Amino acid sequence: METLELSIIMPCLNEAETLATCIEKAQWYLQEYQIQGEVLIADNGSTDGSQDIAKRMGARLVNVTEKGYGSALMGGIIAAKGEFIIMADADDSYDFRSLNPFVEKLREGYDLVMGNRFKGGIKPNAMPFLHRYLGNPVLTWLGKLFFKSPCNDFHCGLRGFRKRAIMSLNLRTTGMEFASEMVVKATLNGLKITEVPTTLSPDGRSRKPHLRTWRDGWRHLRFLLLYSPRWLFLYPGFFLMIMGLISTIILLASPRVHSLLYSATAIIIGFQLVNFAVFTKIYAIQEGLLPNDKRVLKFKDLFSLEIGLIIGSILFIAGLITSIFALFQWEAVGFGALNPVQTMRLVIPSVTAIALGLQIIFASFFLSVFQLKVK
């Protein structure tokens, strides 16, 4: 396949009102700056004649049958002939005549060049109020917090990248969350990322955009959470375990046994969340969803089924022994009425130890299944 320097990709689903304008601007840019490139329309099943417009304008048309924003873009990326790719929507909200900052950064060696609309300017009525002051800032803040990403506008639709670098990320999402997946995986895999100011203008369509505020906002948030087992499971789990343990120690000397029950429950739930974090991380690494993590690999090297069985058995037996001791206390009063304050101080920690011991035993077996796959 012939290799070009730049492919300008536009995902398209019924963009007949603005498609010709966008193609014309992109072609002008390639000609004006003497760049060997192509304009590629990744059509996702348009029924308004967008395909005919693309052909008439001399753009390369790629038909993508799998529905979704991410599917259309991935289909275009795979088909692109350019070493560099710049993607943007075909709604005339971005100016395809002003792509030089992206190309210059790509020529400097960056793998991903993100547009930043908050630095470049958002024209009146170009972005809904909720998107501008809630959705984009909050989701970008979470992305930076979870993944230490340098990007300050996670969802800018205008971005440039090296095809080879992005193809290596194995991007999988099919919807609007594709934008987040690209940034997150590029960050986690250590790609060289930078930003350039970008201006966002009101789109030129008379119909409503494909983006749905709450539906697609949730899909972005869901993706960020699922790709960060630390923030979804590990940190909440550790917090519950530590707070539960501290509370349990304090309450053991207190008559407030009902509170002791809740603190013990926090320990059990917290430990289960930590288990989920470990399971999810190892599975995601093995399936290529997340890059290797030295800490996880070290844990796998140190951990063995036998160690888990020993620790779990010790806890289980300790809980069983104290439970038997509580049974003897009950026998001492002829299996009659007991003092709840005195009895529950012993029974609750006993049940907690039994539950944790069994969790550790079965979690050890579960982790060993992952290790069997690796070996």
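Please refer to the structure placed before this passage.
A. Molecular detail of the overall build of the protein chain. Across its full length, the protein chain carries 14 helices and seven strands. The C-alpha atoms of the protein chain give 28 Å as radius of gyration, which overshoots the globular expectation for 375 residues (21 Å, by more than 25%). Projecting the C-alpha coordinates of the protein chain onto the three principal axes gives extents of approximately 95 × 45 × 35 Å. Scored against the burial criterion, the 375 residues of the protein chain give a buried share of 47%.

B. Focus on helix 1 (residues 19–32). Over its 14 residues, helix 1 runs 20 Å from end to end, which matches the ideal 20 Å to within 8%, given 1.5 Å per residue. Elements that come into contact with the buried residues of helix 1 comprise strand 1 (4–12), strand 2 (37–43), helix 2 (50–56) and helix 4 (100–108). Directly after helix 1, the chain includes Gln34, whose backbone phi takes a positive value near 50°.

C. Inspection of the environment of Phe147 at higher detail. Mapping Phe147 onto the fold places it in helix 6 (residues 129–147). Residue classification places Phe147 among the buried residues on the basis of a relative accessible area of 6%. Residues Phe147 and Asn292, spaced 145 residues apart in sequence, show a C-alpha to C-alpha distance of 14 Å. Those residues in contact with Phe147 that sit more than four places away from it in its chain are Val184, Thr187, Leu188, Leu224, Tyr227 and Ser228.

D. Local environment of the pattern of salt bridges. Here the structure, examined in full by the defined rule, presents 13 salt bridges. The partner of Arg162 in a salt bridge is Glu83, with the nearest N and O atoms 3.2 Å apart. Taken together, the positions of Arg162 in strand 6 (residues 159–162) and Glu83 in strand 4 (residues 82–87) put the pair 79 residues apart, joining distant regions of the chain. Arg162 sits in the buried class, given a relative accessible area of 18%. Linking Arg97 and Asp95 is a salt bridge whose minimum nitrogen-to-oxygen distance equals 3.0 Å. Here the residues in one salt-bridge network are Glu83, Asp111 and Arg162, joined through shared partners.

E. Region of interest: the packing of aromatic side chains. Enumeration over the complete set of coordinates arrives at nine aromatic pairs. For the pair Phe146 and Phe147, a centre-to-centre distance of 6.0 Å together with 75° between the ring planes defines the contact as edge-to-face. A relative accessible area of 6% places Phe146 in the buried class. Among the aromatic residues, ring-to-ring pairing joins Phe146, Phe147, Trp231 and Tyr235 into one connected group. Of note, Lys192 hangs over the ring of Tyr110, and the distance from its end group to the ring centre comes to 4.7 Å.

F. Geometry of the packing of helix 6 against helix 9 (residues 213–226). Interhelical geometry of helix 6 versus helix 9 gives an angle of 10° and a closest axis separation of 10 Å. As judged from the angle between their axes, helix 6 and helix 9 are roughly parallel. Contacts from Leu130, His131, Leu139, Leu142, Gly143, Phe146 and Phe147 of helix 6 reach helix 9 at Thr213, Trp214, Gly217, His220, Leu221, Leu224 and Leu225. Of the residues contributing to the contact of helix 6 with helix 9, the split by class is nine nonpolar, five polar and no charged.

G. The arrangement of the pairing of strand 3 (residues 60–63) in detail. Judged from the four bridges that link them, strand 2 and strand 3 form a sheet pairing that is parallel. Counted as the bridge partner of Ala42 is Val62 from strand 3.

H. Quick peek at unusual backbone geometry. One non-glycine residue with positive phi stands out, namely Asp92, at about 65°. Here Asp92 shows up in the loop between strand 4 and helix 4. Residue Lys148 is not a glycine yet carries a positive backbone phi of 55°. In this structure, Lys148 sits in the loop between helix 6 and strand 6. Its relative accessible area of 63% is what places Lys148 among the exposed residues.

I. Fine view of the pairing of strand 2. Across the seven residues of strand 2, six count as buried, placing the element largely inside the fold. Relative to strand 2, strand 1 is paired through seven bridges, and the arrangement is parallel. Bridge pairing in strand 2 places Ile8 opposite Val39. In this fold, the crossover linking strand 1 to strand 2 by way of helix 1 has right-handed handedness.

J. Representation of the side chain of Glu177 in the model. Within the secondary structure layout, Glu177 lies in the loop between helix 7 (163–167) and helix 8 (178–188). Looking at Glu177, its side chain comes within polar contact range of the side chain of Arg219, at 3.0 Å. Ignoring any residue separated from it by four or fewer positions in sequence, one finds Glu177 in contact with Arg219, His220, Arg222 and Phe223.

K. Region of interest: the sheet that holds strand 6. Read from one edge of the open sheet, seven strands run 3-2-1-4-6-5-7, paired in mixed fashion. In this open sheet, the two strands that pair with only one neighbour each are strand 3 and strand 7 (193–197). Sheet twist, expressed as the mean angle between neighbouring strand axes with direction ignored, is 25°. Here strand 4 runs beside strand 6; their pairing, made up of four bridges, is antiparallel. Pairing of Ile86 across the sheet is with Gly160, part of strand 6. On top of the sheet, helix 3 (residues 69–79) reaches strand 1, strand 2, strand 3, strand 4 and strand 6; it is set at about 155° to strand 1, its chief contact.

Each value, and the rule that gives it
- Sequence order as written defines the numbering, with residues in each chain counted from 1.
- Residue-level local features of this predicted model are given only where pLDDT is at least 70; pairs of side-chain atoms are given and counted only at 80 or more, and the full residue set underlies all totals for whole chains, interfaces and linings.
- Hydrogens and water molecules were not included; the side-chain quantities draw on all heavy atoms of the structure.
- Put simply, DSSP marks the helices as runs of H or I at least four residues long and the strands as runs of E at least two long, and each gets a number from the N terminus on.
- In this description the radius of gyration comes from C-alpha coordinates, and the expected globular size is given by 2.2 Å times residues to the power 0.38.
- To sort residues, take the accessible area from a 1.4 Å probe on protein chains only and compare it with the maximum for the residue type: under 20% means buried, over 50% means exposed, and anything in between is partly exposed.
- How far a helix is expected to stretch is found by multiplying one less than its residue total by 1.5 Å.
- Residues count as neighbours in contact if any of their non-hydrogen atoms are within 4.5 Å of one another.
- The salt bridge criterion pairs a side-chain nitrogen of Lys or Arg with a carboxyl oxygen of Asp or Glu, the two atoms within 4 Å.
- Here a pair means two rings of Phe, Tyr or Trp (six-membered ring of Trp) with centres within 6.5 Å. Their orientation is stacked below 30 degrees between planes, edge-to-face above 60, and tilted elsewhere.
- A positively charged side chain is recorded as over a ring if its NZ (Lys) or CZ (Arg) lies within 6 Å of the ring centre. The angle to the ring normal must also be within 35 degrees.
- All axes are obtained by fitting lines to C-alpha atoms, using only the stretch in contact for helices, and the reported angles, taken between N-to-C directions, cover 0 to 180 degrees.
- The cut-offs work like this: below 35 degrees is roughly parallel, past 145 is roughly antiparallel, 65 to 115 is roughly perpendicular, and the gaps in between are oblique.
- Gly falls in the polar group here, along with every residue not listed as nonpolar (Ala, Val, Leu, Ile, Met, Phe, Trp, Tyr, Cys, Pro) or charged (Asp, Glu, Lys, Arg).
- Two strands make a pair as long as DSSP finds a minimum of two bridges between them.
- The handedness rule is simple: strands pointing away from the viewer, and a clockwise path from the first strand over the helix to the second, make the crossover right-handed.
- Any pair of N or O atoms that falls within 3.5 Å is considered a polar contact. Within protein, one atom must be able to donate a hydrogen and the other to accept it, and sequence-neighbouring residues count only if both atoms are side-chain atoms.

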